[in-house]
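Results of the structural survey
Listed below are the residues making up each chain.
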Amino acid sequence: MSARRDSRWERWAVTGPPLAYLVVFFAVPTLIMVMASFRSPGDFGGLAPLVGADGRLDLTLESYARLFEDTVYLEVFAKSVVYALVTTLACLMLAYPLAVLIAQSPRRYRDLLLLLVILPFWSNFLIRVYAWMIILGPNAALAQAVNGVLAAFGAEPVPLLFSSFAVLVCLVYVHLPFMVLPLYANLEKHDRALLDAAQDLGANAWQRFWRITFPLSLPGVYAGAALVFIPALGIFAIPDILGGPNDSLIGNLIKQQFLETRDWPFGSVLSIVLTVAALSLAGLAAWVGRRGGAEIARA
Amino acid sequence: MTQRTLAFPFLLVTALALPAAAADKLHLYNWNNYIAPETVKRFEAECKCEVVQTYYSDNEELLAKLAAGAKGYDVLVPTGNTVEALIKGGQLQPLDRAKLPNLKNVDPAYLDTAWDPGNKYSVPYAMSTTILGYNDAKMKELGLPTDTWAVIFDPKHLARVKGRVTVLDSSAELFAAAFKYLGYPANDVDEKHWREAADLIKKAKPYWAAFNASSYIKELTVGNIWLVHGYSNDIFQANQDAQAAGRKFRIVQGMPKEGAVLAVDNMVIHKSAPRPDLAHRFINFMLDGKNSAELTNLIGSGNPNLDAAKYIQPELKALPAVFPPKDVAAKLEQLNELNAAQRRLRNRLWTEIKAAR
Amino acid sequence: MRSRKVALWTAAGIAYAFLYLPLAIVVVYSFNDSRLNAEWVGFTLDWYRKLAGNDEMIAAAGNSLAIALVASLVSTVLGTMAGVAMHRYRLRVLPILVLAPIAIPEILMGVALLIFFVMLNFTLGLVSVALAHIAFCIGFVAIVVRSRLAGMDESLIEAARDCGATPWQAFARVTLPLIMPGVIAGALMAFTLSIDDFVITFFTAGAGTVTLPLQIYSMIKIAVTPEVNAVSTLLMLLTLVLIVVAARLSPSLLRTE
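Note that the structure is a prediction, hence the values are computed from the model and not measured.

Next up on the list: the overall build of chain A. When helices and strands are counted, chain A shows 13 helices and 0 strands. The C-alpha radius of gyration computed for chain A amounts to 24 Å, which surpasses the reference 19 Å derived for 299 residues by more than 25%, pointing to a less compact arrangement than a globule. If one aligns the C-alpha atoms of chain A with their principal axes, the spans along those axes are about 80 × 70 × 35 Å. Within chain A, the proportion of its 299 residues that are buried is 48%. Partitioning the contacts of chain A with sequence separation of at least 6, the portion at a separation of at least 24 is 68%.

Quick look at the structure:
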């Protein structure tokens with residue numbers, strides 16, 4: 001590993017700037033809010049003073065205790081994990097063929113195809129969601145078609161809008177480029193020669209994909225999955241705009257703590273739990289991936 | 001990237017970061033579309049200054065930002081109970097009455113509130129009520145009443161309009177409506193009554209399409225949703241849009257007979273306002289009847305300014321949700337602030353409601 | 001061979017259609033003769049006309065573009081460094097600091113940064129917003145760059161060093177071209193995140209700072225008029241043109257040879 005040859009100076013030159021930036025503009029502010037989780041909410045917003053009227057530090061574990069007071073918070077959290085998982089899997093299935101197509105295209109079209117993937121996302125988020133409300137509306141073509149089919153089977157019409165379906169479709173839509181781009185970045189470096197050699201040796205298309213392409217693309221899959229799953233866990237705007245009455249997620253709950261309830265300590269607690277859980281799941285997936293990848297490589 | 005392409009973003013940023021020509025600036029932090037553009041232009045001409053507007057869409061967003069220490073704003077436009085929170089949080093500076101001669105134009109019924117006695121910090125700007133909005137053709141077809149909260153809380157009525165009703169995604173507003181329906185005051189703090197209201201809401205929830213405060217007006221106007229719990233301004237606008245689009249139904253404001261929440265938005269000055277002098281001039285300007293009326297004519301908001309009456313379009317004055325007659329006004333209540341413990345309880349119940357199946 | 005190509009093209013085609021159907025509606029509705037973004041009524045150019053006279057909206061769009069350009073540039077540089085560092089060295093702190101901003105709820109980060117800036121007496125404005133955006137964009141770039149480096153042949157770099165290249169030369173001439181698709185992917189993601197960010201921008205913007213998302217989200221409770229569709233369409237076209245121009249001006253850097 002060339003890392004061993006790198007001098008201390010080299011190491012710091014590469015690690016230093018991003019580390020410094022993140023410490024100043026992320027770690028320090030976040031620590032302030034982590035501290036807030038041990039404080040009490042101010043009566044009219046914000047936080048209660050750190051030093052109470054009696055001159056003692058006003059720190060408490062009350063907000064953490066509330067988390068376990070009732071299972072409802074864990075239920076909402078579990079629902080968010082499910083939504084995020086479904087979103088990630090759906091994104092993977094949609095993004096993979098797209099990334100393969102772009103990676104295998106002639107060089108002169110590649111950049112354009114990539115740009116075409118991300119172009120829609122430079123329009124504003126709200127109007128894209130509104131566009132989905134139009135597509136999923138009860139009088140639009142899609143809903144009429146689906147309910148027509150259901151009616152043929154004698155079933156009740158289902159609303160496409162203001163439902164979990166609408167939330168999931170929109171979640172997948174909003175996160176798709178963040179799966180396509182990492183996958184593409186990985187697939188682009190695959191050597192066609194490997195696949196040609198395998199084909200010469202008699203492997204069919206499925207075998208070539210499953211034994212060569214997919215395992216090699218795993219780092220890209222994990223990168224994409226991380227960049228979809230983790231943000232999707234914390235989303236709140238989509239349920240707010242087109243979710244049904246049962247689609248409140250942990251992101252909505254956290255937002256409520258900072259806004260309607262003005263309970264910043266509890267909001268911090270929920271945020272910390274969410275962050276720790278997301279990072280742990282990502283770490284777990286990476287660990288499993290390393291083990292699994294090694295097994296596939298051995299096979 | 002080449003030098004040229006690197007230079008461009010930096011130049012752009014520098015150009016934007018450089019302070020503009022030293023014009024006098026008034027920083028107004030307001031709801032979007034809550035002041036008529038003509039009014040702003042007229043004020044700018046009169047004071048020879050520039051009005052820099054930034055926006056928020058929720059009182060709580062304003063509170064959170066100020067609680068975290070943001071400054072640079074002169075005039076804010078919070079709703080009644082938010083003014084209470086701002087006063088108690090020490091975020092406002094007192095108004096100089098001498099600079100506000102037009103204050104005499106305001107209807108005394110809206111002055112001297114419990115949370116700002118003597119109007120030390122705030123003056124009323126505009127009002128709205130939180131009521132029912134409905135598609136008149138559909139409601140007639142279904143034979144549903146439109147003057148009672150029962151139509152969004154009673155499963156007997158809801159069964160006929162299932163999946164076509166939305167309620168506001170605001171625990172304060174929805175609980176207040178539930179209290180009014182149950183016959184309690186909107187500002188009830190009895191825990192038993194809170195739980196009663198929560199149970200009522202849970203029973204009605206399966207019939208509702210969504211808790212929505214952001215896109216319900218659109219859906220009402222197009223005809224996808226037939227009945228909403230919403231703000232009178234929005235419902236007024238919805239009808240204007242529906243008529244402009246040539247729809248075959250009207251969107252009507254329904255004032256429930258049990259009463260409703262009244263929201264009075266006020267002009268206040270932030271404690272570290274850079275230009276309190278301009279701020280006072282602006283407030284006095286907006287207290288003039290003609291200027292005040294422009295907003296009402298634009299969006300159908302209620303108006304606490306008596307001098308504005310002669311400038312307001314007559315069809316607006318006929319709307320009970322906008323200009324409530326005495327008997328309706330008696331049943332309207334402004335929401336009070338809750339303390340931290342009460343807010344926690346409300347959020348706890350709200351989370352249960354949202355998670356309930 | 002042909003049927004596999006057809007299958008691939010069909011699957012990719014479905015994905016592109018999924019991506020572009022809402023966008024088509026956005027663009028088409030910018031010509032819609034109705035204040036609401038809800039149903040087609042008739043054709044009009046009014047919204048583009050209104051936009052031309054709407055200084056506020058145009059300034060907001062300009063701010064968004066400027067912040068996004070700066071934020072994506074800086075976060076791409078820092079993120080690439082972080083990605084390379086995470087791949088090469090056994091680090092403990094940096095991976096967490098890189099991943100955490102992606103996980104942390106935006107509202108917490110927004111409030112935290114605001115409190116932090118206020119504590120430092122740092123004037124809020126465009127710069128504070130850009131600094132905030134860079135913080136959460138670094139992670140996206142770093143993760144993509146690291147995944148691109150995974151399994152990369154170190155012998156090439158060793159060989160370059162053996163031939164007498166300095167560390168910078170080894171990086172610029174060997175590593176960077178190899179990871180360029182990852183860097184570009186990261187830059188595109190960072191740009192996208194920055195140009196559309198609302199929550200963090202809301203809290204870190206100054207009293208006179210309006211970006212396009214701030215302007216638009218404040219309309220969320222009233223009506224997001226087709227003027228927003230118009231400005232979005234134009235902004236997309238403008239950004240596309242900027243990128244194509246930039247690519248033409250520096251072809252050697254963006255090609256992966």
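Among the nonpolar cores identified, the biggest contains 289 residues, and A:Ala95, A:Ala99, A:Cys170, A:Tyr184, A:Leu242 and C:Val111 are the most heavily contacted of them. In terms of domain composition, this core takes at least three residues from each of domain 1 (16-127 + 264-322) and domain 2 (128-261 + 336-355) of chain B. Apart from the residues within four sequence positions on either side, A:Cys170 is in contact with A:Val129, A:Trp132, A:Ile238 and A:Leu242.

On to the interface of chain A and chain C. In this assembly, 79 residues from chain A lie in contact with 81 residues from chain C. Looking at the side of chain A that touches chain C, the elements with two or more residues in it are helix H1 (8-36), helix H3 (72-104), helix H4 (107-118), helix H5 (125-136), helix H8 (177-187), helix H10 (205-233), helix H12 (250-258) and helix H13 (264-298) of chain A. Residues belonging to the side of chain A that touches chain C are distributed by class as follows: 59 nonpolar, 13 polar and 7 charged.

So, on to the interface of chain B and chain C. Interface extent is often summarised as the accessible area lost during association of the parts. On the chain C side, the residues contacting the 36 residues of chain B number 40 residues. Mapped by element, the contributors of at least two residues to the side of chain B that touches chain C are helix H1 (3-17), strand S2 (50-56), helix H3 (59-67), helix H10 (216-222) and helix H11 (232-244) of chain B. Counting residues per element, the side of chain B that touches chain C draws most heavily on H1(B), which supplies 7 residues. Across the side of chain B that touches chain C, the residue classes break down as 18 nonpolar, 12 polar and 6 charged.

Two numbers describe how H10(A) lies on helix H6 (residues 126-149) of chain C: the axes approach to 8 Å, and their chain directions differ by 165 degrees. As summarised for this structure, H10(A) and H6(C) are arranged roughly antiparallel, according to the angle between their axes. Crossing geometry of H10(A) relative to H6(C) is assigned as right-handed. Contacts from A:Pro219, A:Gly220, A:Tyr222, A:Ala223, A:Ala226 and A:Leu227 in H10(A) reach C:Phe140, C:Ile143, C:Val144 and C:Ser147 in H6(C). Taken together, the residues of the contact of H10(A) with H6(C) break down into 8 nonpolar, 2 polar and no charged.

With that out of the way, let us pick up the confidence of the model for chain C. Here chain C averages 88 in pLDDT, while 96% of its residues score no lower than 70. Interface confidence for the predicted complex, given as ipTM, is 0.89, next to a pTM of 0.90.

Once that is clear, we can look at the packing of H1(A) against helix H4 (residues 93-103) of chain C. Look at H1(A) against H4(C): their axes get within 10 Å of each other, and the N-to-C directions meet at 50 degrees. Classed by the angle they form, the pair H1(A) and H4(C) counts as oblique. In the packing of H1(A) onto H4(C), the handedness of the crossing is left-handed. The segment H1(A) lies against H4(C), with A:Thr15, A:Pro18, A:Leu19, A:Leu22, A:Val23, A:Phe26 and A:Ala27 engaging C:Leu94, C:Leu97, C:Val98 and C:Pro101.

Once that is clear, we can look at the pairing of strand S1 (residues 25-31) of chain B. Residue and element names in this part refer to chain B. Here S1 lies mainly inside the structure; 6 of its 7 residues are buried. Alignment of S1 against S2, held across 7 bridges, turns out to be parallel. Looking at the pairing, leucine 28 lines up with glutamine 53 of S2. Where the polypeptide runs from S1 across helix H2 (residues 37-47) and back to S2, its parallel neighbour, the crossover connection is right-handed. Of the strand pairs in this sheet, S1 and strand S3 (residues 75-76) are connected by 2 bridges, and their pairing is parallel.

Let us look at helix H16 (residues 340-355) of chain B. For H16(B), which comprises 16 residues, the first-to-last C-alpha distance of 22 Å matches the rise-based estimate of 22 Å (1.5 Å per residue) to within 8%. Buried within H16(B) we find B:Arg343, B:Arg346, B:Leu349, B:Trp350, B:Thr351, B:Ile353 and B:Lys354. Considering only its buried residues, H16(B) is in contact with H3 and H12 of chain A together with helix H8 (171-182) and helix H9 (191-204) of chain B.

Reading the values: the criteria
- Residues numbered from 1 in each chain as written.
- Chains lettered and ligands numbered in written order.
- Predicted model: local features only at pLDDT ≥ 70, side-chain atom pairs only at ≥ 80, totals over all residues.
- Helix = DSSP H or I, 4+ residues; strand = E, 2+ residues; numbered from the N terminus.
- Rg over C-alpha atoms; globule rule 2.2 N^0.38 Å.
- Buried ≥ 20, exposed ≤ 12 C-beta atoms within 10 Å, placed from the backbone.
- Contact = placed C-beta atoms within 7 Å.
- Core = buried A, V, L, I, M, F, W, Y, C linked by C-beta atoms within 7 Å.
- Domains from an automatic or database assignment.
- Nonpolar A, V, L, I, M, F, W, Y, C, P; charged D, E, K, R; others polar.
- Axes fitted to C-alpha atoms, helices over the stretch in contact; angles between N-to-C directions.
- Parallel < 35°, antiparallel > 145°, perpendicular 65-115°, else oblique.
- Left-handed = near helix turned anticlockwise from the far one by under 90°.
- pLDDT = per-residue confidence, 0-100.
- Pairing = 2+ DSSP bridges.
- Right-handed = clockwise from strand over helix to strand, strands pointing away.
- Expected span 1.5 Å × (residues − 1).

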